[in-house]
Amino acid sequence: MTRRAITTFAVGATAGAVAAAVLTTGMFGAGPRLVGAAGSFFRVPAVSADELPVFDDCEQLRQWYVERALPLVGPYGLGGGPVMPMALAERSVASPSVAGDSSGTGTNTQEADVDEADVAKTDGSLVVRISGRQLVVTDVTGTPRELSRTTLPGPALQTPELLLRDGMVLVVGDERTSYPFFGDVVRDRTFLPVRPVDTRTHVLSVDLRDPATPRFTGNEAIDGGAISTREYADGTVRVVVTTGYPPLDFVQPNRDRTARQATARNKEIVRAAPVSAWLPGVRSDGGAKRALVDCSDVRHPRQASGFGTISVLTFPFDEPATPATTAVTAAGDLVYSSASRLYVATTTGDRVPTTQVNAFTLDGDRTTYTASGSFRGTVKDRWSLSEYDGRLRVAAQLGGRSNGVLVLDEREGGLVETGRVGGLGRDETIQSVRWFGDLAIVVTFRQTDPLYTVDLSDPDRPRVVGALKIPGFSSYLHPVGGDLVVGIGHDASASGSGLGAQAASFDLRDLADVRRADTYGFGPTTDVSAGWDPRTFTYLPDQRTLVTPVMDWSTNRSRFVALHVGTDGSLSQTASWVTRRYAGVEVRTLPLGGGRIALVGDVVRVVDVP
């Protein structure tokens, strides 16, 4: 059964190369704590999958936010105390660490029928990419020919990415915002307390039917930061936006106001804040702000799930100005999505990390908040999660010194743990995870690279089938058919010292006795970007060839390397192309069909893969 699951996945990989993917964190203790203690000012209806707790009206919703914000208010308001100017840093944006099979637009994705935004896309004839503040369109039917270079309208966007479909483009990115600081001089040194950052997500619509003259047709500015943009097989797009503390006009301590007085005044400001200050709004083409979501469409998890609002916008690809929006009063920073479920998660706490997960059901153009739960611990990234047969599986660091795989089921509005297996990589950290139906492959590392095979055919009783211990580790795993998986990562000595990047192939015919078939080293001072952003990786099943960017720290140069994968797992280099851009930043390898591939860096090149 397990071998059939791998083979089926490999066939799907081939189809995915001409067809159509997504991220999170988490971990478990004694199971989820599904507590209904949400306060006395809202009603808790009888729970069903479509009737999780809602608010009676906007005032009740406003009170929810106020009650949860008041304990967090201090002399500088919400969002932190004083910092020194020299400590300022650019706003951190979560990088969508993603990978899988190439979608119909060339992106290496995690799930079938789920495409994801990226810095470059192709329809086989055009490559559309974002370079700085410009949208660049290149004809790749023959020798690459740049057709247009158009500046994105509006404010500069942080890490903008795009989707491409039927001559239309959507560009999604966060507006660059400066930190709004204020402060007073204390002993000749200026302390600058941080206010909440007023962030907006922009969704730009572009008509690309004449690729020589792209035409921008709309700009939706949404309060909050985008953490996920996905397109599904039917053309539905979902953008997940998260908002935190509202940017209220807080006061601060000064010569005339003590810290205690400032705190008291800031609490008054929170109590008086209208519901519009807490809920995200949207502006179309620079117009007036309107509510993004109705109070009646906001739900809350049964237990506290961080402070903030998660909004899921759902709309047809060509109609981003009219999204259907559902929201949850919870925090979120990582997203994983299958074709039928979307999970938004966040991890809080330092000594005892706890991860909250909110689940949404996807049905055509309908997105419904379904269930929520929490568990102790952390998950490396969204590749550590997988939805299968309606259950969520998680590869997690289980706290202390162990790792494991857990299974969660949706029951009466909660995500309830139904099975787990531990003991994976004691004193080690999870480096990569890959799921094949009812099989999971988990790689951990500290000094050696244990590769574990986990049988999930009985989701209530997952079990470890085998383990292969070798030096080094794989930070990304990719199926190549025939019970073979290729790992991209690093070689290491017996003591764990790094020996440079390498590719390795693994034979999974006997899950109890996995064998490493071959390795290919890229050099002692090299690194591979697929480990932190698998979208830079491409596999061409017809040629049995993978292409990956490789960086060399000794020369500060980068190159694209093509490796052929034999049916016996042998690895051999067939080609190498130098790139002038640092590999890992806006570098992509996009399949064009017929063994041709677009190498996207500072320029676009088209090469034939041997």
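These figures come from a predicted structure and were not determined experimentally.

Definitions and cut-offs
- Note on numbering: residues in each chain are counted from 1, in written sequence order.
- Local features in this predicted model are restricted to residues whose pLDDT is 70 or higher, and side-chain atom pairs enter the listing and the counts only when it is 80 or higher, whereas totals over whole chains, interfaces and linings include all residues.
- Excluded from the side-chain calculation are hydrogens and water; included are all heavy atoms of the structure.
- The way it works is that DSSP assigns letters per residue, a run of H or I at least four long becomes a helix, a run of E at least two long becomes a strand, and they are numbered from the N terminus.
- Think of it in three bands: with a 1.4 Å probe and only protein chains considered, a residue is buried below 20% of the maximum accessible area for its type, exposed above 50%, and partly exposed in between.
- Salt-bridge detection follows one rule: a side-chain nitrogen of Lys or Arg within 4 Å of a carboxyl oxygen of Asp or Glu.
- Only heavy atoms matter for contacts: two residues are in contact if any of them lie within 4.5 Å across the pair.
- For the purposes of this analysis, a disulfide is any pair of cysteine sulfur atoms at a distance within 2.5 Å.
- Residues belong to a common nonpolar core when they are buried Ala, Val, Leu, Ile, Met, Phe, Trp, Tyr or Cys residues joined through side-chain atoms within 4.5 Å.
- When two rings of Phe, Tyr or Trp (its six-membered ring) have centres within 6.5 Å they constitute a pair, described as stacked for plane angles under 30 degrees, edge-to-face for angles over 60, and tilted for the intermediate range.
- In this analysis the charged atom, NZ for Lys or CZ for Arg, is taken to sit over a ring once it is within 6 Å of the ring centre and within 35 degrees of the ring normal.
- Contacts described as polar in this section are N or O atom pairs within 3.5 Å, which, within protein, must combine one atom able to donate a hydrogen with one able to accept it, while residues neighboring in sequence count only if both atoms come from side chains.
- When DSSP locates at least two bridges between a pair of strands, those strands are taken to pair.
- Fitting a line to C-alpha atoms yields each axis, with helices limited to the stretch in contact; the angle taken between N-to-C directions then spans 0 to 180 degrees.
- pLDDT expresses how confident the predictor is about each individual residue, on a scale running from 0 to 100.
- With respect to orientation, any angle under 35 degrees is reported as roughly parallel, any angle over 145 as roughly antiparallel, any angle of 65 to 115 as roughly perpendicular, and every other angle as oblique.
- By convention, the crossing between two helices is left-handed when the near helix turns anticlockwise from the far helix through less than a right angle, and right-handed when the turn is clockwise.

Caption draft 1: Fine view of the overall build of the protein. Assigned secondary structure in the protein consists of 4 helices and 45 strands. By the burial criterion, 58% of the 610 residues in the protein qualify as buried.

Caption draft 2: Layout of the pattern of salt bridges. Within the structure shown, the criterion is met by 30 salt bridges. Note that Asp409 is salt-bridged to Arg411, the shortest N-O span being 3.5 Å. Each of Asp118, Glu161, Asp533, Arg535 and Arg588 takes part in salt bridges that share partners, so that together they form one network.

Caption draft 3: The side chain of Ser475, seen in detail. Checked against the element boundaries, Ser475 lands in strand β34 (residues 473-481). Not counting the four nearest positions on each side in its chain, Ser475 is found in contact with Gln431, Ser432, Ile488, Gly489 and Gly531.

Caption draft 4: Geometry of the environment of Gly106. With respect to the element layout, Gly106 can be found in the loop between β2 (101-102) and β3 (108-109). Taking the relative accessible area as the measure of exposure, Gly106 reaches 3% and is therefore buried. Separated by 485 residues in sequence, Gly106 and Pro591 place their C-alpha atoms 5.7 Å apart. Beyond its immediate sequence surroundings of up to four residues, Gly106 is in contact with Thr122, Thr589, Leu590 and Pro591.

Caption draft 5: Quick peek at the state of the cysteines. With the rule as written, the count across this model stands at 1 disulfide. For Cys58, the disulfide goes to Cys295, at an S-S distance of 2.0 Å. Disulfide Cys58-Cys295: torsion about the S-S bond near 105°, hence right-handed. Linking Cys58 in helix α2 (residues 58-69) with Cys295 in the loop between β18 (290-291) and β19 (298-299), this pair joins segments that are 237 residues apart in sequence. The exposure class of Cys58 is partly exposed, given its relative accessible area of 35%. Note on Cys295: relative accessible area 10%, which makes it buried.

Caption draft 6: Inspection of the nonpolar core at higher detail. Leu61, Tyr65, Val270, Trp278, Leu279 and Val298 are the most contacted members of the largest nonpolar core, which has 22 residues in total. Among the elements of the structure, α2, α3 (259-272) and α4 (275-278) are those that each provide at least two residues to this core. Residue contributions to this core peak at 5 residues, all from α2. If sequence neighbours within four positions are ignored, Val298 has contacts with Val54, Phe55, Leu61, Leu279, Val293, Ala327 and Thr329. Counting residues in hydrophobic clusters, the runner-up holds 18 residues, among them Val480, Leu484, Ala503 and Leu546.

Caption draft 7: Local environment of the packing of aromatic side chains. This model, assessed by the stated rule, comprises 11 aromatic pairs. Ring geometry for Trp278 versus Phe307: centroids 6.2 Å apart, planes at 70°, classification edge-to-face. With a gap of 29 residues between them, Trp278 in helix α4 and Phe307 in the loop between β19 and β20 (309-316) connect regions that are remote in the sequence. Consider the rings of Tyr520 and Phe522, whose centres lie 5.5 Å apart with planes at 70°: the pair is edge-to-face. Through a chain of ring-to-ring contacts, three or more aromatic side chains come together here, namely Tyr65, Tyr245, Trp278 and Phe307. Lying across the ring of Trp64, Arg68 places its NZ or CZ 3.6 Å from the centre. Over the ring of Tyr232 we find Arg238; its NZ or CZ atom is 4.8 Å from the centre of that ring.

Caption draft 8: Examining the side chain of Ser148 more closely. Within the secondary structure, Ser148 is located in strand β8 (residues 145-151). A relative accessible area of 6% places Ser148 in the buried class. For Ser148, the side chain forms a polar contact with the main-chain oxygen of Pro211, separated by 2.7 Å.

Caption draft 9: Looking closely at the sheet that holds strand β7 (residues 134-139). Here 4 strands make up an open sheet; going across it, the order is β5-β6-β7-β8 and the pairing antiparallel. Edge positions in the sheet fall to β5 (120-122) and β8, since each of these pairs with one other strand and no more. Shown here is a sheet whose adjacent strand axes are inclined to one another by a mean of 15°, direction ignored.

Caption draft 10: The confidence of the model for the protein, seen in detail. Overall, the predicted model of the protein reaches an average pLDDT of 83, with 81% of residues at or above 70. Ignoring residues within four places in sequence, the model shows residues 82-100, a span with pLDDT below 50, making 62 contacts including any to other chains. Predicted confidence for residues 179-196 stays below pLDDT 50, and this span has 56 contacts to residues more than four positions away or in other chains.

Caption draft 11: Summary view of the environment of Ala492. Secondary-structure assignment places Ala492 in strand β35 (residues 484-492). A sequence separation of 19 residues divides Ala492 from Phe473, and the C-alpha atoms of the two residues are 7.7 Å apart. Setting aside chain neighbours within four positions, we find Ala492 in contact with Phe445, Pro471, Gly472, Ser497, Gly498 and Leu499.

Caption draft 12: Examining the packing of α2 against α3 more closely. Axis separation between α2 and α3 bottoms out at 9 Å; the angle between their running directions is 160°. By the criterion of interaxial angle, the relationship of α2 to α3 is roughly antiparallel. The chirality of how α2 crosses α3 is right-handed. Residue-level inspection shows Arg62, Val66 and Ala69 of α2 in contact with α3, the latter providing Val270, Arg271 and Ala272.

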